Amino acid sequence: MEQRRKGVTLIEALFVLGLMAIIIGLVMLFVSQADNRNKASEMITELGQIQDAVRSLCPYNTCQANTDMVAPLVKSGLLPARWVQNDTIVDPYKTPIVSIDYVKTTAGYQIGYMIQIHNVEECIKIYNYLDETQVSFATFKKMFSDPSKIENTMCGPYRYPMEMGFQTDS
């Protein structure tokens, strides 16, 4: 008569642990991607609120043209406290926004940004936001005969993080 064994073999335990590791890895991947999408959306919101804050600081184009607006925005209190660290404005990734310029152009006044792009999802979201809001893409569009190549060039196989500069009508 065969004796029934009690417990679990080492192979069975390793198999179960391997399956659990795979499942946990997939869950972490999805959480990371959702976090990136969320931060990209926060970045779009932040850029819009920064633009509104610059307009509040410079009603009717009263600010001196071609000036960096980071210090006045930090001192103004118009931005949420979570965006301000060490007298600079930070993005949702806690990376400083390089510059926010109030620029006079032939078309009028514009707000220029120099921001750091952290991943492809963020780049594509910002590109779509700029395209939907009819932000000045003239400089990008002049570089390409086929405007559909702009997104691939901006968000293509770059090493992230990278800096992107653009201007919006004020």
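All values reported here derive from a predicted model rather than from experimental measurement.

1. Side note on the overall build of the chain
Right, so step 1: Looking only at helices and strands, the chain features 5 helices and 6 strands.
Right, so step 2: Of the regular secondary structure in the chain, the N- to C-terminal order runs α-β-α-β-β-β-β-α-α-α-β.
Right, so step 3: Looking at the chain residue by residue over its 170 residues, the buried ones come to 35%.
Right, so step 4: The contacts in the chain between residues at least 6 apart in sequence include a share of 64% that link residues at least 24 apart.
Right, so step 5: Summing over all exposed atoms, the chain offers an accessible surface of approximately 11000 Å²; the carbon and sulfur share of this is 57%.

2. Let's talk about the pairing of strand 4 (residues 99-105)
Right, so step 1: Sheet topology places strand 1 (residues 67-68) next to strand 4; 2 bridges connect them, and they run antiparallel. Residue pairing across strands places Asp 68 opposite Asp 101, the latter belonging to strand 4.
Right, so step 2: Examined bridge by bridge, strand 4 and strand 5 (residues 108-117) share 7 bridges and lie antiparallel to one another. By the bridge assignment, Thr 105 is partnered in strand 5 with Gly 108.

3. Topic: the nonpolar core
Right, so step 1: Core analysis: the biggest nonpolar cluster contains 25 residues, and Ile 50, Val 54, Met 69, Leu 73, Ile 89, Ile 100 and Ile 115 have the highest contact counts within it.
Right, so step 2: Counting residues per element, the ones that place at least two in this core are helix 1 (10-57), helix 2 (70-76), strand 4, strand 5 and helix 3 (120-132).
Right, so step 3: Beyond its immediate stretch of four places on either side in the chain, Ile 89 contacts Glu 46, Ile 50, Val 70, Leu 73, Val 74, Leu 79, Trp 83, Thr 95, Pro 96, Ile 97 and Ile 100.

4. Topic: unusual backbone geometry
Right, so step 1: A positive phi angle, close to 60°, is found at Asp 87, a residue other than glycine.
Right, so step 2: Following the sequence through the fold, Asp 87 ends up in the loop between strand 2 (84-85) and strand 3 (88-89).
Right, so step 3: On the accessibility criterion, Asp 87 (65% relative accessible area) is exposed.
Right, so step 4: Residue Lys 94 is not a glycine yet carries a positive backbone phi of 65°.

5. Quick notes on the pattern of salt bridges
Right, so step 1: Taken as a whole, this structure holds 2 salt bridges when the rule is applied.
Right, so step 2: When the shortest N-O distance is used, the salt bridge between Asp 35 and Lys 39 registers 3.7 Å. In this pair, Asp 35 and Lys 39 are both assigned in helix 1, 4 residues apart and thus about one turn of the helix distant.
Right, so step 3: With relative accessibility at 35%, the residue Asp 35 sits in the partly exposed group.
Right, so step 4: Arg 55 is the salt-bridge partner of Asp 52, the closest N and O atoms lying 3.3 Å from each other.

6. Quick notes on the UniProt feature "transmembrane region" (unreviewed entry) in the chain
Right, so step 1: Mapped onto this structure's residue numbering, the UniProt feature "transmembrane region" (unreviewed entry) falls at residues 7-31.
Right, so step 2: Secondary structure across residues 7-31 comprises 88% helix and 0% strand; the distance between its end C-alpha atoms is 35 Å.

7. What about the side chain of Glu 46?
Right, so step 1: With respect to the helices and strands, Glu 46 occurs in helix 1.
Right, so step 2: Here Glu 46 is buried and forms no salt bridge, its nearest opposite-charge partner Arg 82 lying at an N-O distance of 6.6 Å.

8. Some thoughts on the confidence of the model for the chain
Right, so step 1: In the predicted model, the chain carries a mean pLDDT of 76, and the fraction of residues at 70 or more is 74%.
Right, so step 2: Across the chain, the element-wise mean pLDDT spans from 47 in helix 4 (residues 138-143) up to 89 in helix 1.
Right, so step 3: Overall, residues 136-143 carries pLDDT values under 50, and its contacts beyond four positions in sequence, including any with other chains, amount to 12 contacts.

9. Observations concerning the environment of Thr 67
Right, so step 1: The topology assignment puts Thr 67 in strand 1.
Right, so step 2: The class of Thr 67 is partly exposed, set by a relative accessible area of 21%.
Right, so step 3: On a C-alpha basis, the gap between Thr 67 and Asp 101 in space is 5.5 Å, while along the polypeptide they are 34 residues apart.
Right, so step 4: Among all residues touching Thr 67, those that are not within four sequence positions of it are Ile 100, Asp 101 and Tyr 102.

The rules behind these values
- Residues numbered from 1 in each chain as written.
- Predicted model: local features only at pLDDT ≥ 70, side-chain atom pairs only at ≥ 80, totals over all residues.
- Heavy atoms only, no water.
- Helix = DSSP H or I, 4+ residues; strand = E, 2+ residues; numbered from the N terminus.
- Buried < 20%, exposed > 50% of the residue type's maximum accessible area, 1.4 Å probe, protein only.
- Contact = heavy atoms within 4.5 Å.
- Areas by Shrake-Rupley, 256 points an atom, 1.4 Å probe, with all protein chains shown as cover.
- Pairing = 2+ DSSP bridges.
- Core = buried A, V, L, I, M, F, W, Y, C linked by side-chain atoms within 4.5 Å.
- Salt bridge = Lys/Arg side-chain N within 4 Å of Asp/Glu carboxyl O.
- UniProt positions renumbered as here; feature names shortened; annotations may be inferred.
- Lys, Arg positive; Asp, Glu negative; His and termini not counted.
- pLDDT = per-residue confidence, 0-100.

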